[in-house]
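Residue-level structural notes
Chain residues, written in single-letter form:
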Amino acid sequence: MSALRRLAGQVPGVGGWDEDPLWGSVYDWSVEHPVAGGALWRLGIGSDLRLLYAAAGETGRLPAGSVVLDVPSGGGVALRGLRPGQGVRYVAVDISQRMLDRTTAAARRLGVEDQLETVLADVVDLPFADGSVDHVVSLTGLHCFPDPRGAVRELARVLRPGGVLTGSALLNDSGLRFEGVRRGGRLAGLLGPGATRTDVRRWLAADGFEQVTVRLSGAIGYFRGVRTGGA
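Along each chain, the written sequence defines residue order, and numbers are assigned to residues from 1. Only residues with pLDDT of 70 or above have their local features reported here, since the model is predicted, and side-chain atom pairs are shown and tallied only from 80 upward, although totals for entire chains, interfaces and linings are computed over all residues. In computing side-chain properties, one takes all heavy atoms of the structure into account and sets aside hydrogens as well as water.

**Considering the overall build of the protein**
- Along the protein, the regular secondary structure elements total eight helices and seven strands.
- Accessibility here uses a 1.4 Å probe with only protein chains present; expressed as a share of the type maximum, an area under 20% marks a residue as buried, one over 50% as exposed, and anything in between as partly exposed. Among the 231 residues that make up the protein, the fraction classed as buried is 54%.
- Residue pairs at least 24 apart in sequence account for 68% of intrachain contacts in the protein once pairs closer than 6 positions are excluded.
- Accessible areas in this description were obtained via Shrake-Rupley with a 1.4 Å probe; residue shielding takes into account the shown protein chains only. Summed over all atoms, the accessible surface of the protein reaches about 10100 Å², with 56% contributed by carbon and sulfur. A helix here means a DSSP run of H or I that spans at least four residues, while a strand means a run of E at least two residues long, and both kinds are numbered starting from the N terminus. Whether two residues are in contact is decided by their heavy atoms, any of which lying within 4.5 Å being enough.

As structure tokens, then:
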């Protein structure tokens, strides 16, 4: 049993990410309501929600036939970047079947269910071949993983040379203002050890990424890198 699951069991009503914690629904609602959600993001974590929309939007510029990996898919918020009829294979991965069910419901509402495939799996043990994915999106996920370093390594493995990894995470070096958020999240079993901007840059470089950028917006860091020919 992971540390996240053990901690979640100590906080009644919270639930771990292998279930469908209340926070997951709150997060989804905030993303799907730009005005109210944007205000909550600014007040709560000092972050610009539009940066999340921009990261998700990169999916919509991919050509037909592309394979997109979304992990963790959560309730499917990254699907907002996918266009109806785009013709990509969008693979949503999560450790929670309830999350995947909500991703499917979101895809149905957005008219992109025909492009969606859901897979129940752990981010550090993905059931995909090396270099089999064209684009990876991992929004607000890295801070949830018990092994963020291993997660980045595995995402690099499945991404083809020239493919892009884009994502966001609650970072450890975002300032004392957000220390309460980080500590509270760990106490609730919703956050793992996390990472700093330096960690993310170092991990991506070590795993064969170039053109690496990490942009801090309040408590959240947005990262992006292009996979080179080898790690």
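**So, the pattern of salt bridges**
- Here, a salt bridge means any side-chain nitrogen of Lys or Arg that lies within 4 Å of a carboxyl oxygen of Asp or Glu. Overall, the coordinates contain 14 salt bridges when judged by the stated rule.
- Among the salt bridges present, the one from Asp207 reaches Arg149, with a minimum N-O distance of 2.7 Å. Taken together, the positions of Asp207 in the loop between α8 (197-206) and β6 (209-217) and Arg149 in helix α6 (residues 148-158) put the pair 58 residues apart, joining distant regions of the chain.
- Residue classification places Asp207 among the buried positions, given a relative accessible area of 7%.
- Each of Asp130, Glu154 and Arg157 takes part in one network of salt bridges that share partners.

**With respect to α6**
- The buried fraction of α6 amounts to nine of the eleven residues, a majority that puts the element mostly inside the structure.
- Those residues of α6 that are buried lie in contact with β1 (67-70), β4 (133-138), β5 (159-170), α8, β6 and β7 (220-227).

Purely spatial values, then, with no claim about function.
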